[in-house]
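Letter by letter, the chains look like this.
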Amino acid sequence: MTDVREEVVEELDSHSETLTFPEFVQTIEAHHRDEGRGIDRELLAAYADAVYFDVDLDAIDERLTDSDRWEEGGRLYDLGDGRLSAYPADWHESISDSGDIRDVIAVIQREVTEAEGDQREAVTDERGVPQPKVLRVAQTVAGIDNETARQRIKELRQNDEIEEFASQHRDPTLRLR
């Protein structure tokens, strides 16, 4: 049996009313970093049991792709060796543990063109990448904690390396210059 971490269970529980399956996977992947990229199915099943998340684990295969690049539609990516991720292998290869928030913004800006969820998550050429998406990918794939990522975004803004677009929501969208 795979051990779950209490802090991850608490994080999942705190959002259990609104959590979608891709968000469930992203949360585990971000907060239960262990050996290697992504997570394995056993760990996913253990967390589903721990928080009583109603998920058909057999339906993972319907969402799973072996594509190395971003695909629309809340896909899960087969990273090999029985591990899966909410993000494609090329993202893990290009930004994993890079520590550079610019790399995170660049890869999302280059590859994502459709919303993950609602329109607030849309990435466009005109308005860039929503900051929450940057923070989520930075934490999940690049291993950059939120505080460090926010500080680095602030530095990029001050150095005029990114454009920031106001939003009706509290988080802006960002685009590299």
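The following paragraphs examine the structure supplied in this document.

Cut-offs applied
Residues numbered from 1 in each chain as written. Predicted model: local features only at pLDDT ≥ 70, side-chain atom pairs only at ≥ 80, totals over all residues. Heavy atoms only, no water. Axes fitted to C-alpha atoms, helices over the stretch in contact; angles between N-to-C directions. Helix = DSSP H or I, 4+ residues; strand = E, 2+ residues; numbered from the N terminus. Parallel < 35°, antiparallel > 145°, perpendicular 65-115°, else oblique. Contact = heavy atoms within 4.5 Å. Nonpolar A, V, L, I, M, F, W, Y, C, P; charged D, E, K, R; others polar. Salt bridge = Lys/Arg side-chain N within 4 Å of Asp/Glu carboxyl O. Buried < 20%, exposed > 50% of the residue type's maximum accessible area, 1.4 Å probe, protein only. Arc of directions from axis to C-beta. Polar contact = N/O pair within 3.5 Å; in protein donor to acceptor, adjacent residues only side chain to side chain.

With that out of the way, let us pick up the packing of helix 2 (residues 21-31) against helix 3 (residues 41-50). Axis separation between helix 2 and helix 3 bottoms out at 11 Å; the angle between their running directions is 110°. Our classification of the angle between helix 2 and helix 3 gives roughly perpendicular. Contact residues: helix 2 offers Phe21, Phe24, Val25 and Ile28, while helix 3 offers Leu43, Leu44, Tyr47 and Ala48. Here the contact of helix 2 with helix 3 is built from residues that sort into eight nonpolar, no polar and no charged.

With that settled, consider the pattern of salt bridges. Within this structure, the stated rule accounts for seven salt bridges. Put simply, Glu161 and Arg102 hold a salt bridge, and the shortest N to O gap is 3.2 Å. Taken as a pair, Glu161 in the loop between helix 8 (146-158) and strand 6 (162-165) and Arg102 in helix 6 (residues 101-111) lie far apart in primary sequence, 59 residues in all. One salt-bridge network, held together by shared partners, links Arg69, Asp90 and Glu111.

Of the residues making up helix 6, those classed as buried are Ile101, Val104, Ile105, Val107, Ile108 and Glu111. End-on, the buried residues of helix 6 take up no more than an arc of 165°, which puts them together on one face. Check the buried side of helix 6 and you find it contacts helix 5 (89-95), strand 5 (129-130), helix 7 (131-140), helix 8, strand 6 and strand 7 (173-176). For helix 6, the N-terminal capping position is held by Asp100, with its side-chain oxygen 2.9 Å away from the main-chain nitrogen of Arg102.

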